[in-house]
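Analysis of the macromolecular model
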Amino acid sequence: MNYSGDHLPTVLFLFSLCAVYEVFERMAYYGISSNLVIYLTTKLHQGTVKSSNNVTNWVGTIWITPILGAYVADAHLGRYWTFVVSSVIYISGMLILTLAVSLPSLKPPRCLESDVENCRKASTLQLAVFYGALYTLAVGTGGTKPNISTIGADQFDEFDQKEKAHKLSFFNWWMFSIFFGTLFANTVLVYIQDNVGWTLGYGLPTLGLAISIIIFLSGTPFYRHKVPSGSPFTRMARVIVAALRKWKVHIPNDPKELYELELEAYAKKGKFRIDSTPTLRFLTKASVKIGSTSPWMLCSVTQVEETKQMIRMIPILIATFIPSTMIAQIHTLFIKQGTTLDRAIGSFKIPPASLTGFVTISMLVSVVLYDRYFVRLMQRWTKNPRGVTLLQRMGIGLVIHIIIMVIASVTEKYRLSVAKDHGLVENKGQVPLTIFILLPQFLLMGIADAFLEVAKLEFFYDQAPESMKSLGTSYAMTTLGVGNFLSSFLLSTVANITKAHGHHGWILNNLNASHLDYYYAFFVILNFLNFIFFLIVIKFYVYKVEISDSIKVLTKELQGRKVRVSNQEESRS
């Protein structure tokens, strides 16, 4: 939809409708994920490794499915309708999950044994209903997550200077707004689940999600809707196949000899031309003219460059897998550590999962300080509108992740030494240390998110071609999915290897007899090696040209063509 006059207030209003949904959606998601490891342990009677892996496998699926949602949005339904259909699936999953934790027949009987291995396990039906609800919810997330932020960003016009200026801060404030929902989930909902009941703890976010969907739908007549432009996977596959089939073809020195659509085709709204670049030169062969006009033999320069942009981001994507694995520890091992510590403040007991609220608080504060002070300070030095480049911002986050795991390892070593001094290694007793000794690693994780996670989301959205924005956004989600699956793999592998040949093992159901300090030290090494890899890949990365700058060039060329045509007509007359 086009607006007349100064439409920035309308744009900001529509952005707020999208943000309201995201607040409640994050409240629903974190209301489940933050305390899921506790529910699996205390209600479904699963051990440390199994419960942790079930959490990370589910969270991994939550973050992998957006790539399918992005495909459906870009190729078939468009972002809006993909979001609407998926939100119905999401709310259905939430309703079933609320029933699963509420009805006694859908969960095993209560068990007071200290060792969950001695408790009655959940039946096949009970597990089927519970996990069926969780994974229904994951399918819904696949369609909503990559499209809601993209719909919000689409409301800002790249060619309006006021709107473009506001868009530079869009992802900072987007993350700021949604973490209010996260904070509520990590504090209020977690407390309700632990002390009031799981029915209310899951029922409230279900109700909030339903209300937020209605609020989002109220803005339907006013949204700027982007028309689906065909499957991005098909377009990229055509480029790769065409380049491979013409691998012996010589690339002309003059880019103007390559196949490209007429300028007028790119003057239409929603069409953007991209000039040929020297990077990934092999793919340029796809646009070399050899006679055949088959789409699997000849692709336009713009189509080739779109494919290059998506491929260029893959090494950056890979470099974010390890830090995503670190994030997975927040909702698994970090919380399990909290259950072994003194959680009392007077007569009030802190739910272990509430510590994740400090990640949220830390990130909220960090994002505000970053946007209001750090950016302005760095602008004077770098002359960059963002203060530092997106990749530099991500690099700072990676360094903080290394520091986090060093602190986590040292803290856990201290916790184990106190447990040993008080004879608590074998009897699984509570270690006489406050739960707040874990606070530094949670606070630093929030600061790391303010740098890495915000920059990652903005980077993959910003660097994706205009016709593949949903797919680009899904890259940011995919890295979290892979990170969680990688966490499951590493946890199981390390647990099995360290228990082999009669060894004690690093990760046991009894954390006082485990060696999580060794496991976290292993993560320090992984993070350091990953940071070296990141420094190597960013050295060769080339940022794409600003669209608004490309349009200025295109406009000048069109004007020049019109002038030439006019001159030719005058000379003929």
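For the structure, see preceding data.
Below is a summary of the structure that appears in this document. (Residues numbered from 1 in each chain as written. Predicted model: local features only at pLDDT ≥ 70, side-chain atom pairs only at ≥ 80, totals over all residues. Heavy atoms only, no water.)

A tally of regular secondary structure across the chain gives 19 helices and four strands. When burial is assessed residue by residue, the chain has 56% of its 573 residues classed as buried. The long-range fraction of contacts in the chain, counting pairs at least 24 apart against all pairs at least 6 apart in sequence, stands at 84%. For the chain, the exposed surface amounts to about 24,700 Å²; the carbon and sulfur share of it is 66%. (Helix = DSSP H or I, 4+ residues; strand = E, 2+ residues; numbered from the N terminus. Buried < 20%, exposed > 50% of the residue type's maximum accessible area, 1.4 Å probe, protein only. Contact = heavy atoms within 4.5 Å. Areas by Shrake-Rupley, 256 points an atom, 1.4 Å probe, with all protein chains shown as cover.)

Where helix H17 (residues 469-499) meets helix H18 (residues 516-539), the axes come as close as 12 Å, and the angle between the chain directions of the two elements is 130°. Comparing their axes, H18 and H17 come out oblique. As for the relative orientation of H17 and H18, their crossing is right-handed in sense. Between H17 and H18, the residues in contact are Ser487, Leu490, Leu491 and Val494 and Tyr519, Phe522, Phe523 and Leu526, respectively. (Axes fitted to C-alpha atoms, helices over the stretch in contact; angles between N-to-C directions. Parallel < 35°, antiparallel > 145°, perpendicular 65-115°, else oblique. Left-handed = near helix turned anticlockwise from the far one by under 90°.)

Taken as a whole, this structure holds 29 aromatic pairs when the rule is applied. Relative to Trp81, the ring of Tyr80 has its centre 5.2 Å away and its plane inclined at 85°; by these criteria the two rings are edge-to-face. On the basis of relative accessible area, Trp81 is assigned to the exposed category, the value being 52%. Between Phe130 and Tyr131 the ring centres are 5.5 Å apart and the planes differ by 80°, which places this aromatic pair in the edge-to-face class. Taken as a pair, Phe130 and Tyr131 share a single burial class, namely buried. What links up through ring pairs into an aromatic cluster is the set Phe334, Phe442, Tyr519, Tyr520, Phe522 and Phe523. For Arg393, the ring lying beneath its charged end belongs to Tyr370, and the centroid distance is 3.7 Å. (Phe/Tyr/Trp six-rings, centres within 6.5 Å; stacked < 30°, edge-to-face > 60°. Lys NZ or Arg CZ within 6 Å of the ring centre and 35° of its normal.)

Let us now look at the side chain of Lys336. With respect to the helices, strands and loops of the structure, Lys336 is situated in helix H13 (residues 333-338). Judged by relative accessible area, which is 9%, Lys336 ranks as buried. Those residues in contact with Lys336 that lie beyond four places of it in its chain are Val37, Thr41, Thr48 and Leu511.

Residue position: Leu355 is located in the loop between strand E3 (348-349) and helix H14 (356-382). A relative accessible area of 1% places Leu355 in the buried class. Along the sequence, Leu355 and His331 sit 24 residues apart, while their C-alpha atoms lie 9.7 Å from each other. Setting aside anything within four residues of it in sequence, one finds Leu355 in contact with Ile435, Leu438, Leu439 and Phe442.

This part takes up the packing of H14 against helix H16 (residues 439-463). The contact between H14 and H16 brings their axes to 7 Å, and the two run at 45°. Here H14 is positioned oblique relative to H16, judged by the angle of their axes. Here H14 and H16 pass one another in a crossing that is right-handed. Of the residues in H16, those in contact with Thr356, Phe358, Val359, Ser362, Met363, Ser366, Val367 and Tyr370 of H14 are Leu439, Phe442, Leu443, Met445, Gly446, Ile447, Asp449, Ala450, Phe451 and Val454.

Right, let's get into unusual backbone geometry. For residues other than glycine, phi is negative in most cases, and the peptide bonds are mostly trans. Its identity is not glycine, yet Leu280 carries a phi of approximately 45°, on the positive side. Position of Leu280 relative to the elements: it lies in the loop between helix H9 (263-267) and helix H10 (301-312).

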